[in-house]
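Geometric and topological summary
Below, each chain spelled out in residue letters.
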Amino acid sequence: MTAVYRWELAKLLAQKRTYLGLGAAVVVPCLFIVALMVETGGPERVPFGRYVRETGLAVPFVALFFMSFWAFPLITSLVAGDVVASESQNGTLKTILTRSRERGQVFAGKVLATLTYTAAVVVAMATIGLIAGGLAWGFNPLTSLSGTTVSTGHGLALLAASIAVYFLPLAGIASFALMLSTITRNSAASVVGALMFALLMQLLTVLPGTEGIRPYLLATQFDAWHGFLRVPADWDPVLRAVWVCALYVAVPLTIAYVVFLRRDVTED
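Anyway, here's the lowdown on the structure attached to this text. All values reported here derive from a predicted model rather than from experimental measurement. (Residues numbered from 1 in each chain as written. Predicted model: local features only at pLDDT ≥ 70, side-chain atom pairs only at ≥ 80, totals over all residues. Heavy atoms only, no water.)

1. Section: the pattern of salt bridges
Using the following cut-off: Whenever Lys or Arg places a side-chain nitrogen within 4 Å of a carboxyl oxygen from Asp or Glu, that contact is recorded as a salt bridge. Only protein chains enter the accessibility calculation, which uses a 1.4 Å probe; a residue is then buried when its area is under 20% of its type maximum, exposed when over 50%, and partly exposed in between.
Counted under the stated rule, the structure contains 4 salt bridges. A salt bridge links R214 to E211, with the nearest nitrogen and oxygen atoms 3.7 Å apart. Exposure remark for R214: the relative accessible area of 24% places this residue in the partly exposed category. Here the residues in one salt-bridge network are E8, K11 and K110, joined through shared partners.

2. Section: the packing of aromatic side chains
Our working definition: Between the rings of Phe, Tyr and Trp (Trp by its six-membered ring), a pair exists once the centres lie within 6.5 Å; its type follows the angle of the planes, with under 30 degrees stacked, over 60 edge-to-face, and the other angles tilted. Numbering of helices and strands runs from the N terminus; a helix is a DSSP stretch of H or I covering at least four residues, while a strand is a stretch of E covering at least two.
Throughout the structure, instances matching the rule amount to 12 aromatic pairs. Between the aromatic rings of F61 and W225, the centroid separation amounts to 5.6 Å while the plane-to-plane angle is 25 degrees, which identifies the pairing as stacked. Note that F61 is positioned in helix α3 (residues 58-67) and W225 in the loop between α9 (187-204) and α10 (236-261), a separation of 164 residues in sequence. Assessed through its relative accessible area of 0%, W225 is described here as buried. Linked through ring pairs, F32, F65, F66 and F69 together constitute an aromatic cluster.

In structure tokens form, the structure reads like this:
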């Protein structure tokens, strides 16, 4: 299992789209900081937007908010939608599935590698945003969403917890993209389909008449980390995100697993 996982990571590291995603995750917060330095206005109406020039700790939080709309879903889908389909298109999957490794091990390795990449892009964005923001405005204490002052050390801990919760809905998008990659065997269709799924989730959060299902939509879980930034902490959205996202991960991965196990290698 460990050997398969390492092999899948090595294959991801050999692909250009992996670095395109990581590069975008690093460049976006830097461009955001440059824009704030040359302009006088700011994102006043978003979480921590009014404090972004007071401390670099606010930068990754603001970036988390903005990148949930299209950037992170696209970055995640770019790799997750290709992880199985590319090997089907290249004809290498047939060779892999007829070797000594069990199909379950191969599938698990691909899932773990995909989720590792998903976590890596979020951590990379937050790290670069934090460093660049700190160099621009210092690592001063952070003002919480409740208006209280949070020390720098506590703010860093809250950032780590927020990243962990933010990863959960991204894992749901990655799982959906991997499912499409397994079923369609087409990288482009899988990436576009996963991105459309993410945008649909966001659209449903603003449509009238969807109030009853909004707390359980995947897009809503991107805001669950706000609960950590309140005093006292609001655990309701965090706990809901855990079990809701678990469903969004488990269902597509189960479907993808069944399809992967039953795949006729002679068709590849």
